[in-house]
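Each chain is listed here by its residues.
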There are 2 protein chains.
Amino acid sequence: MQSFEIDKSDVFKVKNAILAGDETLKIVLEEYHASEIAILFERLDKSEQRHIINLLPTEIASEIISEMDEESHPENLLFELHPDKRTEIVEELDYDDATDIISQLEDHEQKEILEDLTEDHASEIRNLLTYNEKTAGGLMNTELICVNINLTKKDAIDEIIRQSEEMEEFYTIYVVDDDEVFKGIVSLKDIIKAKHNAKITELVKIDAVYVHPDTDQEEVANLISQYNLTSIPVIDQHQKLLGRVTFDDVIDVMEAESTEDILKISGVSEDEELSGNWVEAVKSRLPWLIINLGTAFLASSVVRYFDPTIKLIPSLAAYMTIIAGMGGNAATQALAVTVRRISLYDLTDKQAYRTVLKEFTVGLINGAANGLIVFIFAFFFDGNPMLGLVIFLAMTGNLVIAGITGAGIPLILKRVGIDPAIASSIIITTFTDVFGFLLILGLASKLLL
Amino acid sequence: MQSFEIDKSDVFKVKNAILAGDETLKIVLEEYHASEIAILFERLDKSEQRHIINLLPTEIASEIISEMDEESHPENLLFELHPDKRTEIVEELDYDDATDIISQLEDHEQKEILEDLTEDHASEIRNLLTYNEKTAGGLMNTELICVNINLTKKDAIDEIIRQSEEMEEFYTIYVVDDDEVFKGIVSLKDIIKAKHNAKITELVKIDAVYVHPDTDQEEVANLISQYNLTSIPVIDQHQKLLGRVTFDDVIDVMEAESTEDILKISGVSEDEELSGNWVEAVKSRLPWLIINLGTAFLASSVVRYFDPTIKLIPSLAAYMTIIAGMGGNAATQALAVTVRRISLYDLTDKQAYRTVLKEFTVGLINGAANGLIVFIFAFFFDGNPMLGLVIFLAMTGNLVIAGITGAGIPLILKRVGIDPAIASSIIITTFTDVFGFLLILGLASKLLL
């Protein structure tokens, strides 16, 4: 999420400053925060980006790179820098940010970067690279403020000041024992407020929430959100403190998960970048459309089967598109509400059952209401009350099917461990198309011929 | 977002403990964090909730109420408590949480609660109630840690300790001058690390990001996310510090905004509560379905117009459902990607233009690919290459229209200041239905008859 509004004038100013020479450029860039330059980068070409990164002090250059949007591919910019500059920047980056960026590169590129680093940096990043990107291990930073539980107030403050030299921000102080086993957390405020001779062991909060490195990122985000935490500790199976995940990483995760939900229920592969080019978009969407074509053939075979009926009552061709279309939209409504609800809350079996029952009721009422409108239309326009009845029944039936499948299918998928958002509108509308055509054409064959 | 997994056994245990008596209940409840009890409340009935709130100390009771999901309606629980208990709880709540909850009540109920409060509390909450719920003013808390810029290190620490007695958490210390004008922020860490005789004026960061009370909540969320802030100050037009919005409120805002996007593009009113009952769901969705019915009639009138053509070539009835259905799904794909992109980023005119161009290209390629499959089918199955050609052209044309409208309509809406997500799949599929039918039936009339 980016809020700094880039004017054309900003881009123009920076591009001109690049031409005007480094002294001018430095002065112009001083007006911007690193995260703003990261956004400006979206409008600059690769060589301009490199020029700016090479010009600025490593500290700012690394901040820009860490703030760049994933879709702007900071890893490519980083890789194409002079190896010395590259090494400087990687060593300046937080371990988790460096790992995130490097993980996007090919194996041989990763190796090339890691070889130039000091052994400490390289081994730390190599270690972080082993964790799945979408787990607490993949999100965590190993840099944190940590004090021994046996320290006194004064020693703890000295220790915190010493450790914080290297860190720009910290929110929570972690407490461990002599074996590096995680014991709890303590706030800087509580240490300061404590009596002069207080010990950390008296101040530590021992019931702190924590996660393991293989905890799914969605679970990490849920915990941070539920307990309003600025950071959450990551500990291994022996209770040793490995790192922490901070709230800002979680904000990014939540954004990405919501994007995934929206894309998936709309039949777009979750990997499609929002600002990707047409090649990516075709790759991501064509497979879904071809699946949809298959299901559309299935639905159209129902229509073919009833060709003789349509030939006798041509207005059925018009009405059947209404029934199928309405069913598709009602199913999409039920799907969106249910998928989002599953994403945000865990539903018990009873709640799942009630959800389907609710959508059944909603389908029945909305179906009858719309069915009545179409009935009146058929009565006055086509002058055929029996045709009206057929359409009324088909509409009601199809909207009930829409409700049951729109809510039921994602709930079943969740139950068997599949991402419920995969039950995209493409899958759901297959049911409403097939049953919609079956209902109207089948009923018409029985009641009107 | 809630992560604590409620077992049936938890609910069972608590319900039993209520029956067993208050002593047992107290012991059972001690096992749970307040935010966990808030989730348990979703499974308890109103009288059980009241029983627990009355039993627990005010501090915990108020935390439970502040952690309850909006959809569990904490305001009703609060209002139905004994007035004394209610007053105790409201006075214990943070001002912003109290305001959020009270704002959900009817005017006369609000009045009744506010009358019992101390004048300080009542006027603070009355003031916060005046701000729009979806702005920085509506989200902000007036309790914060604030020091005068002229203080010395020692006096500042004393002041911070004094002010923090009342506050459980603070992340940033705000700095003001003698006129309460906002000057910047300072971190507790920097104060502690400073030399003994340092003054706040030497430590303050003056380029802090801030917002005004009428800043939209989405903008607030964007700034907190962009600059990785734990909190952001809210100042009035005279630069006076009014309050702060914290990251945890913003996490809730982002979740709500994403839910809104998902519901709207699926044709569900943004006000529908995910766990609402069927009455709410009907109210929220029926109007959209009736709009859809109107647009479906429009599309079906195209079919009616070509009734004679369909009568002559009945297989067109089957193929036209495929063309319209594929167009609808392709449009939904383009819509989802575009709406989400507009939500997360500001697009320039040039980017908007390029987006439509990209979707045009994607529609052309996906349309031709799927058109070819249908052509081959028509060739072998119906033995009619000219019919195949008609379908190929209609498919390609309709998927191009899907791309242009799916991307173009939300971009135009954004441009004229309307929420782009309102361009729901219901609106977009009108175009693909009408043009889909027009293309296949019109081309068939020209080329096949």
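Bear in mind the structure is a predicted one, so any value in this text is a computation, not a measurement.

Visitor: Can you walk me through the overall build of chain A in this structure?
Guide: Counting secondary structure elements, chain A contains 22 helices and 5 strands. The C-alpha radius of gyration computed for chain A amounts to 30 Å, which surpasses the reference 22 Å derived for 449 residues by more than 25%, pointing to a less compact arrangement than a globule. Taken along its principal axes, the extent of the C-alpha atoms in chain A is 90 × 60 × 40 Å. Counting the 449 residues in chain A, one finds 59% classified as buried. Within chain A, counting contacts between residues at least 6 apart in sequence, those at least 24 apart form 66% of the total. Roughly 18900 Å² of accessible area belongs to chain A as shown, and the carbon and sulfur atoms make up 54% of that amount. Between the mean site of the 36 positive side-chain charges and the mean site of the 76 negative ones, chain A shows a separation of 8 Å.

Visitor: I keep staring at the interface of chain B and chain A and nothing clicks. Help me out?
Guide: Often the size quoted for an interface is simply the accessible area lost on bringing the parts together. On the chain A side, the residues contacting the 117 residues of chain B number 117 residues. Counting the surface lost from both chain B and chain A, the interface buries some 10700 Å², and carbon and sulfur atoms represent 63% of this. Across the contact surface, chain B and chain A share 4 salt bridges. Close ionic contact of R304 of chain B with D382 of chain A constitutes a salt bridge, the shortest N to O distance being 2.9 Å. At the junction of chain B with chain A, the criterion picks out 26 residue pairs in polar contact (both at pLDDT 80 or more).

Visitor: Explain the UniProt feature "domain: CBS" (unreviewed entry) in chain A here, please?
Guide: Taking the UniProt record as the reference, the feature "domain: CBS" (unreviewed entry) is found at residues 140–202 and 203–262 of chain A. End C-alpha to end C-alpha, residues 203–262 of chain A measures 45 Å, and it is 45% helix and 18% strand.

Visitor: It is not clear to me how the relation of the copies chain B and chain A should be interpreted in this structure. Could you clarify?
Guide: For these two chain copies, the linking operation is a rotation about an axis paired with a shift along it. The two copies are related by a screw operation: chain B maps onto chain A through 180 degrees of rotation and 0.0 Å of translation along the axis, at an RMSD of 0.0 Å. The superposition operator between the copies reduces to a two-fold rotation axis. Same-surface contact between copies: 100% of interface residues of chain B are shared with the interface of chain A.

Visitor: I'm lost on the pairing of strand β2 (residues 173–176) of chain B in this one. Help?
Guide: Regular strands place their side chains on alternate faces of the sheet. Residues and elements named next belong to chain B. Alternating residues of β2 divide into I173 and V175 and Y174 and V176, and every residue in both groups is buried. Here β2 pairs with strand β3 (residues 182–186) via 4 bridges, running antiparallel. Along β3, the bridge assignment pairs I173 with V186.

Visitor: Just checking my understanding: could you explain the sheet that holds β3 of chain B for this structure?
Guide: Whether parallel or antiparallel, the strands of a sheet pair through hydrogen bonds between backbone atoms. Residues and elements named next belong to chain B. Within the open sheet, the 3 strands sit side by side as β1-β2-β3. Their pairing is mixed. Looking at the sheet topology across the chains shown, the edges are occupied by β1 (146–148) and β3. Averaged over all neighbouring strand pairs, the angle between strand axes comes to 35 degrees, with direction disregarded. Sitting on the sheet, helix α12 (residues 153–164) touches β1 and β2, and the angle it makes with β1 is about 150 degrees.

Visitor: Can you help me understand the side chain of T99 of chain A in this one?
Guide: Residue and element names in this part refer to chain A. Looking at the secondary structure, you find T99 in helix α8 (residues 95–102). Classification of T99 as buried rests on a relative accessible area of 5%. At a separation of 2.6 Å, a polar atom in the side chain of T99 contacts the main-chain carbonyl oxygen of Y95. Not counting the four nearest positions on each side in its chain, T99 is found in contact with I125, L128 and L129.

Cut-offs and rules
Residues numbered from 1 in each chain as written. Chains lettered and ligands numbered in written order. Predicted model: local features only at pLDDT ≥ 70, side-chain atom pairs only at ≥ 80, totals over all residues. Heavy atoms only, no water. Helix = DSSP H or I, 4+ residues; strand = E, 2+ residues; numbered from the N terminus. Rg over C-alpha atoms; globule rule 2.2 N^0.38 Å. Buried < 20%, exposed > 50% of the residue type's maximum accessible area, 1.4 Å probe, protein only. Contact = heavy atoms within 4.5 Å. Areas by Shrake-Rupley, 256 points an atom, 1.4 Å probe, with all protein chains shown as cover. Lys, Arg positive; Asp, Glu negative; His and termini not counted. Charge placed at Lys NZ, Arg CZ, Asp CG, Glu CD. Buried area = accessible area lost by both parts, 1.4 Å probe. Salt bridge = Lys/Arg side-chain N within 4 Å of Asp/Glu carboxyl O. Polar contact = N/O pair within 3.5 Å; in protein donor to acceptor, adjacent residues only side chain to side chain. UniProt positions renumbered as here; feature names shortened; annotations may be inferred. Least-squares fit on C-alpha atoms with pLDDT ≥ 70 in both. Pairing = 2+ DSSP bridges. Axes fitted to C-alpha atoms, helices over the stretch in contact; angles between N-to-C directions.

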